[in-house]
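# Secondary and tertiary structure notes
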Amino acid sequence: MDNNQMIAELQQLINPEHIFIDEYLKKHTYTKLGGKADFFVTPSNIEEVQEVIRFANKTNIPFTLLGNGSNVIVRDGGIRGIVLSLKRFLNVRREGNKVIAESGARIIDASRFALQESLTGLEFSCGIPGTVGGALYMNAGAYGGEVKDCLESALVVDSKGDILRVAAEDLNLEYRTSNIAKKGYIVIEATFALQIGKHEEIKAIMDDLTYKRESKQPLEYPSCGSVFKRPPGYFAGKLIQDSDLQGKGIGGAEVSTKHAGFIVNKNQATATDYISVIEMVQKTVKYKFNVNLEREVRILGEDEGVTDKKS
Ligand SMILES: Cc1cc2nc3c(=O)[nH]c(=O)nc-3n(C[C@H](O)[C@H](O)[C@H](O)COP(=O)(O)OP(=O)(O)OC[C@H]3O[C@@H](n4cnc5c(N)ncnc54)[C@H](O)[C@@H]3O)c2cc1C
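Residues numbered from 1 in each chain as written. Predicted model: local features only at pLDDT ≥ 70, side-chain atom pairs only at ≥ 80, totals over all residues. Heavy atoms only, no water.

### So, the pattern of salt bridges
Any two side chains of opposite charge can pair, given that their charged atoms come close. This is how it is decided: Take a side-chain nitrogen of Lys or Arg and a carboxyl oxygen of Asp or Glu: if they are within 4 Å of each other, that pair is a salt bridge. Secondary structure elements are defined from DSSP: runs of H or I of at least 4 residues count as helices, runs of E of at least 2 residues count as strands, and each element is numbered from the N terminus. Residue exposure (1.4 Å probe, protein chains only): buried if accessible area is under 20% of the type maximum, exposed if over 50%, otherwise partly exposed.
For the coordinates displayed, the defined rule picks out 20 salt bridges. With its nearest N and O atoms 2.7 Å apart, the salt bridge here joins R80 to E302. Taken together, the residues span a long stretch of sequence, with R80 in strand β5 (residues 79-85) and E302 in the segment after β19 (298-300) at a distance of 222 residues. Overall, the relative accessible area of 2% leaves E302 in the buried class. Sharing partners across several salt bridges, the network here consists of R93, E95, R165 and E189.

So, in structure tokens, the structure goes:
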């Protein structure tokens with residue numbers, strides 16, 4: 001099927017105004033890196049998501065899910081096929097002591113909604129810049145809390161395009177990982193089981209965490225947060241700091257001088273610069289401390305000039 005046929009078919013399935021051709025993904029990633037998506041589609045409801053999945057299956061077109069792009073690096077050649085964004089799924093509501101948040105809403109907004117409703121349990125997430133869907137995928141966490149602690153279930157579309165409700169225990173939520181990719185689930189909505197708390201106490205915790213985050217993280221530059229997972233028995237940031245890597249860079253990307261675990265896009269970096277800095281850090285820490293730093297961030301897409309799919 002050629003591109004024109006594909007566009008014509010996609011336009012039958014979802015609002016044509018919600019299909020973007022050759023969309024620069026640097027507009028949709030926190031690092032401000034990434035080439036073009038062939039098709040960037042932003043469905044408005046679950047039926048449209050199902051249709052897109054079935055279409056991708058039928059035509060064998062690869063598809064990739066993007067949340068807020070705060071934990072991914074998209075290579076300079078972009079992503080072939082369909083990139084699906086659930087940015088229109090923004091509703092957050094309360095049912096009893098549960099907060100039910102659609103996957104495109106920011107987890108920060110879910111935590112602010114819980115505060116407004118005096119419900120406690122989501123405070124840890126008040127500064128994590130991802131979507132609810134991305135937070136489940138990564139089992140995002142901070143300051144001693146993580147999604148696993150309060151997630152009850154998720155509504156998902158599976159790889160065949162069917163809708164399922166999955167209990168949190170069946171998502172295998174572990175340190176910055178889950179089985180969502182393996183199962184091919186697209187998270188549509190998350191149900192968080194919270195407890196009634198005191199508004200002032202919830203607010204005090206969130207204010208304290210925000211202060212800690214703003215004083216320690218280089219939020220003035222584009223980045224994807226902590227690049228590496230915590231290696232058992234160590235802290236990635238400390239190993240990088242002790243390797244004298246802060247301020248070292250390649251092209252426009254460098255290891256942050258404020259927080260060694262972050263790599264920042266300081267001056268119009270390319271994804272190639274950014275990935276080269278990651279590799280430099282991994283090699284140096286391995287050489288100095290014999291510790292392997294495993295990436296937390298995901299690298300998607302292909303290098304510039306490459307036409308086959310890699311991810
Ligand atoms: C400044 C900064 C601070 C950060 N601090 C923290 C922190 O304290 N703790 C922490 O854990 N992380 C932190 N992060 C990383 C990041 O915010 C989290 O990992 C977040 O959960 C990623 O969500 P996202 O929507 O941006 O996902 P993306 O980066 O867009 O995607 C990440 C993965 O999730 C998948 N995905 C996204 N949406 C869905 C969906 N609806 N269904 C299925 N899969 C989906 C994508 O395919 C991709 O594989 C930080 C990042 C930055 C830039």
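### Details of the sheet that holds strand β12 (residues 163-167)
The cut-off we apply is this: Two strands qualify as a pair provided that DSSP identifies no fewer than 2 bridges between them. Working convention: axes come from line fits to C-alpha atoms, limited for helices to the stretch in contact. Angles between N-to-C directions cover 0 to 180 degrees. Throughout, a residue-residue contact means that at least one pair of heavy atoms, one from each residue, lies within 4.5 Å.
Strand order across the open sheet formed by 5 strands is β6-β7-β13-β11-β12, with antiparallel pairing between neighbours. Edge positions in the sheet fall to β6 (92-95) and β12, since each of these pairs with one other strand and no more. The sheet shows a mean angle of 20 degrees between the axes of neighbouring strands, direction not considered. For strand β11 (residues 151-157) and strand β13 (residues 186-193), the ladder comprises 6 bridges, and the chain directions are antiparallel. Across the sheet, the residue bridging to L151 is F192, located in β13. Set on the sheet, helix α2 (residues 46-59) makes contact with β11, β12 and β13; between it and β11 the angle comes to about 55 degrees. Sitting on the sheet, helix α3 (residues 107-116) touches β6, β7 (98-102) and β13, and the angle it makes with β6 is about 40 degrees.

### Quick look at α3
With 7 of its 10 residues buried, α3 lies for the most part within the structure. Of the surrounding elements, those touching the buried residues of α3 are β6, β7, β8 (119-120), α4 (132-138), β13 and α6 (199-216). Positive phi shows up at S118, right after α3, with a value of about 55 degrees.

### Quick notes on the sheet that holds β5
Strand order in the open sheet formed by 4 strands is β1-β2-β5-β3, and the pairing between neighbours is mixed. The outermost strands of the open sheet, each flanked by one partner alone, are β1 (19-24) and β3 (63-66). Going across the sheet, the axis of each strand differs from the next one's by a mean of 35 degrees, ignoring polarity. Here 4 bridges tie strand β2 (residues 36-41) to β5, and the two strands are oriented parallel to one another. Bridge assignment links V41 to a residue of β5, and that residue is L84. Along the sheet, α2 makes contact with β2, β3 and β5, crossing β5 at roughly 165 degrees.

### Quick word on the nonpolar core
For the record, the criterion: Take the buried Ala, Val, Leu, Ile, Met, Phe, Trp, Tyr and Cys residues and link them wherever side-chain atoms come within 4.5 Å; each set so joined is a nonpolar core.
In terms of nonpolar packing, the biggest core is built from 32 residues, with L122, L136, V147, L151, L171, F192 and L194 touching the most fellow members. The element that contributes the greatest number of residues to this core is α3, accounting for 4 residues. Those residues in contact with L122, other than ones at most four positions away along the chain, are I107, A110, S111, A114, C150, F192 and L194.

### Remarks on the environment of P16
Here P16 is to be found in the loop between α1 (3-13) and β1. P16 sits in the partly exposed class, given a relative accessible area of 43%. Between the C-alpha atom of P16 and that of T42, which follows or precedes it by 26 residues, the distance is 9.9 Å.

### Examining the pairing of β7
Each regular strand carries side chains that alternate between the two faces of the sheet. Where burial is concerned, most of β7 is hidden: 4 out of the 5 residues are buried. Both β6 and β7 contribute to a ladder of 4 bridges, which runs antiparallel. Paired with R94 across the strands is V99, a residue of β7. As defined by bridge partners, β7 adjoins β13 across 5 bridges and the pair is classed as antiparallel. Residue K98 lies in a different strand from β13, and its bridge partner there is A193.

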